[in-house]
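Structure at a glance
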Amino acid sequence: MIRPVLGDEEAAAVAEVVRSGWVAQGPRVAAFEEAFADRMGAAYGVATSSCTTALHLALLLAGVGPGDHVVVPSLSFIATANAARYVGAEPVFADVDPTTGNLTGKTVEAVLTERTRAVIAVDQAGVPVDLDELRAVCDPRGIPVVEDAACAAGSNYRDRPVGAGAELAAWSFHPRKLLTTGEGGMLTLASEEIARRARRLREHGMSVSAADRHASGKVVIEEYLETGYNFRMTDLQAALGLVQLTRLTEVVQRRRDLAARYQRLLADVPGVLTVRDPLYGRTNYQSFWIVLPEDFPVGRDALLERLLAAGISGRRGIMAAHREPAYSTSTSGRAADLPVTDRLTTRSLILPLFHEMTEEEQDRVVHVIATAAGR
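Keep in mind the model is a prediction, meaning the values are calculated, not measured.

1. A few points about the pairing of strand β8 (residues 168-172)
Across the five residues of β8, five count as buried, placing the element largely inside the fold. Residues Leu168, Ala170 and Ser172 of β8 are buried on one face, and the alternating residues Ala169 and Trp171, pointing to the opposite face, are buried as well. Looking at chain direction, strand β5 (residues 145-148) and β8 are connected through three bridges and run parallel. Bridge pairing links Glu147 to Ala169 in β8. Where β8 meets strand β9 (residues 185-189), five bridges bridge the pair, whose relative direction is antiparallel. Within β9, the position partnered with Ser172 by the bridge is Gly185.

2. Comments concerning the pattern of salt bridges
Taken as a whole and judged by the stated rule, the model has 22 salt bridges. Across the pair Glu16 and Arg28 runs a salt bridge whose closest N-O atoms are separated by 3.4 Å. Residue Glu16 is located in helix α1 (residues 8-20), and its partner Arg28 is located in helix α2 (residues 27-39); the two are separated by twelve residues in the primary sequence. Of the charged contacts, one joins Glu167 and Arg135 as a salt bridge, the two residues approaching to 3.9 Å between their closest N and O atoms. Of this pair, Glu167 sits in the loop between β7 (160-161) and β8 while Arg135 is found in helix α6 (residues 131-138), placing the two residues 32 residues apart along the sequence. You can call Glu167 partly exposed: its relative accessible area is 43%.

3. Re the packing of helix α3 (residues 51-61) against helix α7 (residues 192-201)
Interhelical geometry of α3 versus α7 gives an angle of 125° and a closest axis separation of 11 Å. With respect to α7, the element α3 is oriented oblique. In this structure, α3 crosses over α7, and the sense of that crossing is right-handed. On α7, the residues touching Leu57, Leu60 and Leu61 of α3 are Ile194, Arg197, Ala198 and Leu201.

4. Focus: the sheet that holds strand β11 (residues 281-282)
Strand order in the open sheet made by the three strands is β7-β6-β11, with antiparallel pairing throughout. Of all the strands in the sheet, just β7 and β11 have a single pairing partner and so form its edges. Pairing geometry for strand β6 (residues 156-157) and β11, over two bridges, is antiparallel. Residue Asn156 lies in a different strand from β11, and its bridge partner there is Arg282.

Analysis parameters
Residues numbered from 1 in each chain as written. Predicted model: local features only at pLDDT ≥ 70, side-chain atom pairs only at ≥ 80, totals over all residues. Heavy atoms only, no water. Buried < 20%, exposed > 50% of the residue type's maximum accessible area, 1.4 Å probe, protein only. Helix = DSSP H or I, 4+ residues; strand = E, 2+ residues; numbered from the N terminus. Pairing = 2+ DSSP bridges. Salt bridge = Lys/Arg side-chain N within 4 Å of Asp/Glu carboxyl O. Axes fitted to C-alpha atoms, helices over the stretch in contact; angles between N-to-C directions. Parallel < 35°, antiparallel > 145°, perpendicular 65-115°, else oblique. Left-handed = near helix turned anticlockwise from the far one by under 90°. Contact = heavy atoms within 4.5 Å.

Listed below in C-alpha cells is the structure:
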C-alpha cells in the first residue's frame, strides 16, 4: 500500500545518535521540533510519542474535560474520537463533505450543543480541511478547533502549509505517513506559553526536562507542577525525522505525479470518483482513494478480493468510527445519522501508492478495476 522512503542517510543519522550515548529525548528532538515547525509555518513544535498522544495533549491544553462535547468526524481513524474519551469528554460525530471527506462548517454547526468545547478537524488522507470555514463557525462561539493533520505533512491550504493557521495541530510520523520516524508525533502551536505547558505535560509534568537538567552542569532539583504523562519522543526517532524532513518535497511531488496518472487512467471507468485537490488547497496524496458508484458490477469488498487475487494489496476506505462496536451509537445516546460518511466508508477503497511504484504496477491495478467494471 505505502512503503516508507528510507535510505543510508537515515541509517547514518540513527547510528550517530547511538554513538553519542544520548538516545532519550534530547538535543535532536529539540532540533526536529524547530525544523518541523519552521517547515509547517508554525511558531512552536512539541514532539510526542504519537499523533494520538498529541491529540490528547491538544484537548487538555484546550481545556476540554469530563462531560464536555468534542465534535469529530466519524470518517477518520478511531484515534480521533478516542482522544475525546481520554480526557473524559464525549465525541459527537458530524458528517463530511462527499468530495473531500472532511468536516464542513455546515456539518459541524448541525451538531453543536451547549456542551461543545472543541472541534477536531481532520485533513482526511492528506486532503486539507477548510479551516477558515470551520473557524468562521467556531471562533464566534469561543470553540477551539484542533487540526488533526496526521496525514497532511506536505499538503497546502490557501498557499500555506497545512496547519500553519491552526492554534493547535497534531501530526503523525507512523510508517504509513510520508514523513516517518517509525512511531511518533508532533503538536504544533501558536502560543509560547501553551507550548511550554505542553512540554511539561508530555514529560510527567516536570518543571525542567531531563535533557536540560543533565546539560545544566549543576545540581537541579525538578518539581512536578501538575499531573503529566510520558508522551516523549526519542533522539533516535528525531534523527530519523530530521533526514525525512529533507525528503518531503520530493516525496510529495512523486506521489502527486502518480496520483495524476491514476486519475487519467481511471477517468475511463464509468462512475468511479477519485480523490482530488480541493479548490482551496493541494493534497500530498498520503492515500489515493476511490469511490465506487452504486451500480458498480461488484461490491467494494469483492473488488478488494479481486485485487488481492491479482497480487495487489488494497484497503477498505477510511473507517467510520460510529459503525465500530466501541461507538455503535453516539455517546450522547443518539444514533448517528451520517449518510455521507456511511456511503464513503462502504463504497470507497484505497489503492496502492508508493514512491517506487512503476507505471506497469499502476496499469495492473487499473486493469483489475476496469475489468470488474466490465470495460
